[in-house]
Amino acid sequence: MNDYIVRATALEGRIRAFGAVTTQLVEELRQRHQATPVATAAMGRAATVGAVMGLMLKGDNRLTIQIKGGGPIGQIIVDANARGEVRAYASNPHVDLPLNLIGKLDVAGAVGTNGFLNVIKDMGLKNPYQGSVEIISGELGEDFAYYFSQSEQTPSVVGVGVLVDRDYTVKVAGGFILQLLPGVSGEDVSYIEEQLSKVPGVTSLLSEGATPEQILENLIPGPVKFLEREPVRFQCTCSHERLEKVLISLGEGELQSMIDEDQGAEVECSFCKEKYYFSDEHLMTLIDRIKEK
Ligand SMILES: [Zn+2]
């Protein structure tokens, strides 16, 4: 199954839903970052929700999610846009932890539960939108649900999962977001809660071959109306030009010492791990540009 996200509505528009399969995206994250299973699961869950949140935006708008829970994975950063392009990294993708008490990858242990989940949306306005909530579970699905209810005033159910195979590759990844809009009855909410407790988790369903559409149909009362199906993929926006700006921001002294001590500079993009080489001559032109300012 190629990665995609389907949008849907139900209950005459009182539920807005998204179903996602992101196996290839998360496998690419794993490979690019040489991530351990628990780091793959944490980054993959965050990137899956990020992909959906990107598609909630319009046009050229984009968003960044920052998860900083104080755990050994450090911070997780996800960038996504309305075209289904996603990139992510974790400061320590090599974190390794024993399985948790229920025999699952210990995502909460890696992320930590003492910190914040921040969302920054660049909507082309002067000041970007910023929302922030405390991390309450560290498993991330619940944390994003908390974010939607607290920061965006939209009660939501978020289910997200990554299943890592025995050979450490990503077997399946995906998730769903159900947003309860005004007018949803208590009965509908109880139905969803009951289904959530009965239906197997996202990764079990996906590995049995269920589609995101079927996952949504399992959870939502009444007929589900499916709207667009959007492809999602890993895509980095780095370039020589962008990394020039990073180098310029380091300042003249730092660039001069790169020339004196290192003979050129190799800069690695945090998101995709692509390496960019800058010669001494190139660094000198950057110093000239700093001086011109
Ligand atoms: Zn990159």
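This section reports on the structure supplied with the text. (Residues numbered from 1 in each chain as written. Predicted model: local features only at pLDDT ≥ 70, side-chain atom pairs only at ≥ 80, totals over all residues. Heavy atoms only, no water.)

## Details of the overall build of the protein chain
What the protein chain contains, in helices and strands, is 10 helices and 13 strands. Rg of the C-alpha trace for the protein chain: 21 Å, near the compact-globule value of 19 Å for 293 residues, within the 12% margin. By principal-axis analysis of the C-alpha atoms, the protein chain measures approximately 70 × 45 × 35 Å. Evaluated residue by residue, the protein chain yields a buried proportion of 52% over its 293 residues. Carbon and sulfur atoms form 48% of the exposed surface of the protein chain, whose accessible area is close to 14,200 Å². If you average the places of the 27 positive and of the 40 negative side-chain charges in the protein chain, the two averages end up 4 Å apart. (Helix = DSSP H or I, 4+ residues; strand = E, 2+ residues; numbered from the N terminus. Rg over C-alpha atoms; globule rule 2.2 N^0.38 Å. Buried < 20%, exposed > 50% of the residue type's maximum accessible area, 1.4 Å probe, protein only. Areas by Shrake-Rupley, 256 points an atom, 1.4 Å probe, with all protein chains shown as cover. Lys, Arg positive; Asp, Glu negative; His and termini not counted. Charge placed at Lys NZ, Arg CZ, Asp CG, Glu CD.)

## Notes on helix α4 (residues 141-151)
Buried within α4 are the following residues: Gly141, Asp143, Phe144, Ala145, Tyr147, Phe148 and Ser151. Those residues of α4 hidden inside the fold are in contact with α2 (37-55), β3 (62-68), β6 (116-122), β7 (129-134), β8 (156-164) and β9 (170-180). Phi turns positive, to about 50 degrees, at Gln153, one or two residues after α4. (Contact = heavy atoms within 4.5 Å.)

## Some details on the coordination of the zinc ion
Bound to the zinc ion on the protein side are Cys236 (SG), Cys238 (SG), Cys269 (SG) and Cys272 (SG), at distances that span 2.2 to 2.3 Å. Classification of the site at the zinc ion rests on its four donor atoms, whose angles at the metal span 102 to 114 degrees, yielding the label tetrahedral. (Donors = N, O, S within 2.8 Å, 3.2 Å for Na, K, Ca; no water. Tetrahedral: all angles 85-135°; square planar, octahedral: opposite > 155°, others 65-115°.)

## Description of the side chain of Ser151
Among the secondary structure elements, Ser151 is positioned in helix α4. Classification of Ser151 by relative accessible area gives buried; the value is 18%. In contact with Ser151, not counting residues within four places along its chain, are Tyr129, Gly131, Ser132, Val133 and Tyr146.

From the geometry alone we can't say anything about function, so treat these as descriptive.
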